[in-house]
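What follows is the residue order along each chain.
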Amino acid sequence: MDAPLDELLLELHVELHLSSITDPGFIGAVVQREDGSLVLSMPPGRPRLERDCVTRAMLGRMVGVPLGPLPGMYELSEG
């Protein structure tokens, strides 16, 4: 999970999409397809560091890699 983000997305077969959801409370979503590939949707215009941390946290949860907690302003939920 510590590889450069572009490499990590390739390694985990993640398809990245920009979300049309611009609500400040929405930090992104990841969905696993039936074939096991992942689709990551992130809102546009977020700071690079935020995107990197949130992406790694979401992907870590999806693949079962325990990571440290995100800062208190962020919360991951499953639905």
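Here's a quick rundown of the structure.

Calculation rules
- Residues numbered from 1 in each chain as written.
- Predicted model: local features only at pLDDT ≥ 70, side-chain atom pairs only at ≥ 80, totals over all residues.
- Heavy atoms only, no water.
- Salt bridge = Lys/Arg side-chain N within 4 Å of Asp/Glu carboxyl O.
- Buried < 20%, exposed > 50% of the residue type's maximum accessible area, 1.4 Å probe, protein only.
- Helix = DSSP H or I, 4+ residues; strand = E, 2+ residues; numbered from the N terminus.
- Pairing = 2+ DSSP bridges.
- Axes fitted to C-alpha atoms, helices over the stretch in contact; angles between N-to-C directions.
- Core = buried A, V, L, I, M, F, W, Y, C linked by side-chain atoms within 4.5 Å.
- Contact = heavy atoms within 4.5 Å.
- Polar contact = N/O pair within 3.5 Å; in protein donor to acceptor, adjacent residues only side chain to side chain.

Focus: the pattern of salt bridges
Note on pairing: side chains with opposite charge can pair once their charged atoms come close. A complete count under the given rule lists four salt bridges for this structure. One salt bridge connects Arg46 with Glu50, and the closest N-O pair in it is separated by 3.2 Å. Glu50 matches Arg46 in its accessibility class, with the two residues each being buried. When the shortest N-O distance is used, the salt bridge between Glu78 and Arg61 registers 3.8 Å. Residue Glu78 is found in the segment after α2 (48-63), and its partner Arg61 is found in helix α2; the two are separated by 17 residues along the sequence. On the basis of relative accessibility, which here comes to 67%, the residue Glu78 falls in the exposed class. For Arg61, a relative accessible area of 43% puts it in the partly exposed group.

Some details on the sheet that holds strand β1 (residues 14-18)
To summarise the sheet geometry, strands pair through backbone hydrogen bonds and adopt either a parallel or an antiparallel arrangement. Ordered in space as β1-β3-β2, the three strands form an open sheet in which the pairing is mixed. Both edges of this open sheet fall to β1 and β2 (29-32), since each of them pairs with a single strand only. When strand polarity is set aside, the average angle formed by the axes of neighbouring strands in this sheet is 20 degrees. Bridge count for β2 against strand β3 (residues 38-42) is four bridges, and the pairing is antiparallel.

A few points about the nonpolar core
Membership of the largest hydrophobic core comes to 14 residues, with the highest contact counts inside it found for Leu9, Val14, Val30, Leu40, Val54, Met58 and Leu59. For this core, the secondary-structure elements that each account for two or more residues are α1 (5-11), β3 and α2. What Val54 contacts, discounting residues up to four positions off in sequence, is Ile27, Met42, Leu70 and Tyr74.

Some details on the pairing of β3
Across the five residues that make up β3, a large majority, five, are buried. Side chains Leu38, Leu40 and Met42 of β3 all project onto a buried face; the interleaved residues Val39 and Ser41 project onto the opposite face, where all are buried too. Taking the residues between adjacent antiparallel strands as the criterion, β2 and β3 are bridged by five residues, where Gly36 takes a positive phi near 95 degrees.

What to know about the environment of Arg33
Positionally, Arg33 belongs in the loop between β2 and β3. For Arg33, a relative accessible area of 37% gives the class partly exposed. On a C-alpha basis, the gap between Arg33 and Cys53 in space is 23 Å, while along the polypeptide they are 20 residues apart. Not counting chain neighbours up to four residues away, the residues in contact with Arg33 comprise Glu15 and Val39. Within the structure, the side chain of Arg33 is placed 3.1 Å from the side chain of Glu15, a separation counted as a polar contact.

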